[in-house]
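Here's the letter readout for the chains.
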Amino acid sequence: MGKLYKICMGSVLLFAAGILTGCTERPLSIRPDDGLLTVNLVWPGGQSVAGAQVWLYDSRGEFYRMAECPSGGYSGRVPADTYTVLVVNSDCSNADCEHYGSWRECCIQADRADPTGRTLQQVGRVFCTGTGGVTVKHGSDPTEVTLYPKNVVKKLHFDIDSGDIADIADMEIVMTGIVPSVLLIDGSDAGEPVGAVEVTAQSEDDGSYSADMSVFGWRGGNMVTVTIRRSDGSTVTTLPQDLSDQLAQLPDEGGTVYLVLVLPDGSEIELTVTVKDWESGTGSGTVM
């Protein structure tokens, strides 16, 4: 009888342990340690982008994840926490994200056009933004935010009247003091050393020349030079002309700057620079 009692008691204990185990597992499946985050994206001016990158940083400011997503936004489960969210479109031209270990430093940089890194490639189709304090809670109730990436590229259109200068085979424009990178969080200048951008001018039917340059911005001394190449291969370059003050006086929406460039022999070239937002310019889908 004692043996039978022990067997019965053992069965009861095993049954009870099974009940307790089941009760422990079920709440974990209902109340997981992560939550659902949804980031809706609205692009400026009805721009169509191929997709986006969403960068997530946890409450300690540490990089957690970068997710590729459709242009409409991101949705996924993440550990319950408070996040900083950065967004940039994935089809930027001549630009890549760098310093992504910190949301404060994560920026998008213009690609370099030469090994020295002093000459930058032109950039285009760069829209970014960010926000902090996005709290994701445990469970299935989603945390939803809507972000509005903004354009961070300016377009400069150069019109050149070469005057009486003849025998021009082609013409190059160089502008220094070009900002190489902007922060994803707000599109502001990331503060890295400035570079230069070089563009080739195209001849127009009326004998003038024009060129387009698209950049993140400018800072410090913005010197402009034009190099004329003649049909015999010889070149002549205008004396550097600083347009920093005129650029600084332009309103946010842009405007027009007029310059007179002087060659070493005293000949003059009239230059008109029109500044406007990249996406509003004609031909803005192409970076020259």
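As the structure is a prediction and not an experimental result, all values here were calculated from the model.

Novice: Tell me what's going on with empty space enclosed by the protein, and back it up with residues and numbers.
Specialist: Within the structure shown, the criterion is met by one cavity of 30 Å³ or more. Of the voids in this model, the largest cavity is the one considered here, and its volume is about 40 Å³. Class assignment for the residues of the lining of the largest cavity results in eight nonpolar, three polar and no charged.

Novice: Describe unusual backbone geometry, listing the residues and the values that go with them.
Specialist: The backbone of histidine 99 shows a phi angle near 55°, a positive value even though the residue is not glycine. Within the fold, histidine 99 resides in the loop between strand 6 (95–98) and strand 7 (107–110). Judged by relative accessible area, which is 41%, histidine 99 ranks as partly exposed. Phi is positive for aspartate 167, close to 55°, though the residue is something other than glycine.

Novice: Any chance you could break down the environment of glutamate 198 for me, citing the residues and the numbers?
Specialist: Turning to its location among the elements, glutamate 198 is positioned in strand 14 (residues 195–203). Classification of glutamate 198 by relative accessible area gives partly exposed; the value is 47%. Sequence separation between glutamate 198 and valine 224 is 26 residues; the distance between their C-alpha atoms is 9.9 Å. If near-sequence neighbours (up to four positions away) are discounted, glutamate 198 is found in contact with Glu172, Ile173 and Val174.

Novice: Now, about the sheet that holds strand 13 (residues 181–183): what can you tell me, with residues and values included?
Specialist: As summarised here, the arrangement of the three strands in space is 6-7-13, forming an open sheet in which the pairing is antiparallel. Two strands close off the open sheet at either side, each with one partner strand: strand 6 and strand 13. Going across the sheet, the axis of each strand differs from the next one's by a mean of 25°, ignoring polarity. Pairing of strand 6 with strand 7 involves four bridges; the strand directions are antiparallel. Its bridge partner being in strand 7, aspartate 96 is matched across the sheet by glutamine 109.

Novice: Go over the packing of aromatic side chains with me, naming the residues and quoting the values.
Specialist: Under the criterion given, the structure shown has six aromatic pairs. Between tryptophan 55 and tyrosine 100, the aromatic rings sit 5.3 Å apart at their centres with planes inclined by 35°, giving tilted as the arrangement. In this pair, tryptophan 55 sits in strand 2 (residues 52–57) while tyrosine 100 sits in the loop between strand 6 and strand 7, placing the two residues 45 residues apart along the sequence. The exposure class of tyrosine 100 is partly exposed, given its relative accessible area of 41%. By way of ring pairs, the aromatic residues Trp55, Tyr57, Phe63 and Tyr100 are connected into one cluster.

Quick notes on the rules
Throughout, residues of each chain are indexed from 1 in the direction in which the sequence is written. Per-residue local features of the predicted model are confined to residues with pLDDT of at least 70, and side-chain atom pairs are confined, for both listing and counting, to 80 or more; whole-chain, interface and lining totals are unaffected and use all residues. As a rule here, side-chain values come from all non-hydrogen atoms in the structure, and water together with hydrogens is ignored. The way it works is a 1 Å grid over only the protein atoms, where trapped points that fit a 1.4 Å probe form a cavity and open points with protein on both sides within 12 Å along at least five of seven lines form a pocket, and then any residue with an atom within 4 Å of a point lines it. Grid points are joined across faces, edges and corners, and a volume is the space filled by probe spheres set on the points. Note that Gly is not counted as nonpolar here; it falls among the polar residues with everything else outside the nonpolar set of Ala, Val, Leu, Ile, Met, Phe, Trp, Tyr, Cys and Pro and the charged set of Asp, Glu, Lys and Arg. Every helix listed is a DSSP run of H or I at least four residues long, and every strand listed is a run of E at least two residues long, numbered separately from the N terminus. To sort residues, take the accessible area from a 1.4 Å probe on protein chains only and compare it with the maximum for the residue type: under 20% means buried, over 50% means exposed, and anything in between is partly exposed. Whether two residues are in contact is decided by their heavy atoms, any of which lying within 4.5 Å being enough. A pair of strands is considered paired only if DSSP assigns at least 2 bridges between the two. Comment: axis = line fitted to C-alpha atoms, over the contacting stretch for helices; angle = value between 0 and 180 degrees taken between N-to-C directions. Pairing of aromatic rings covers Phe, Tyr and Trp, the last through its six-membered ring, and needs centres within 6.5 Å; plane angles under 30 degrees mean stacked, over 60 mean edge-to-face, and all others mean tilted.

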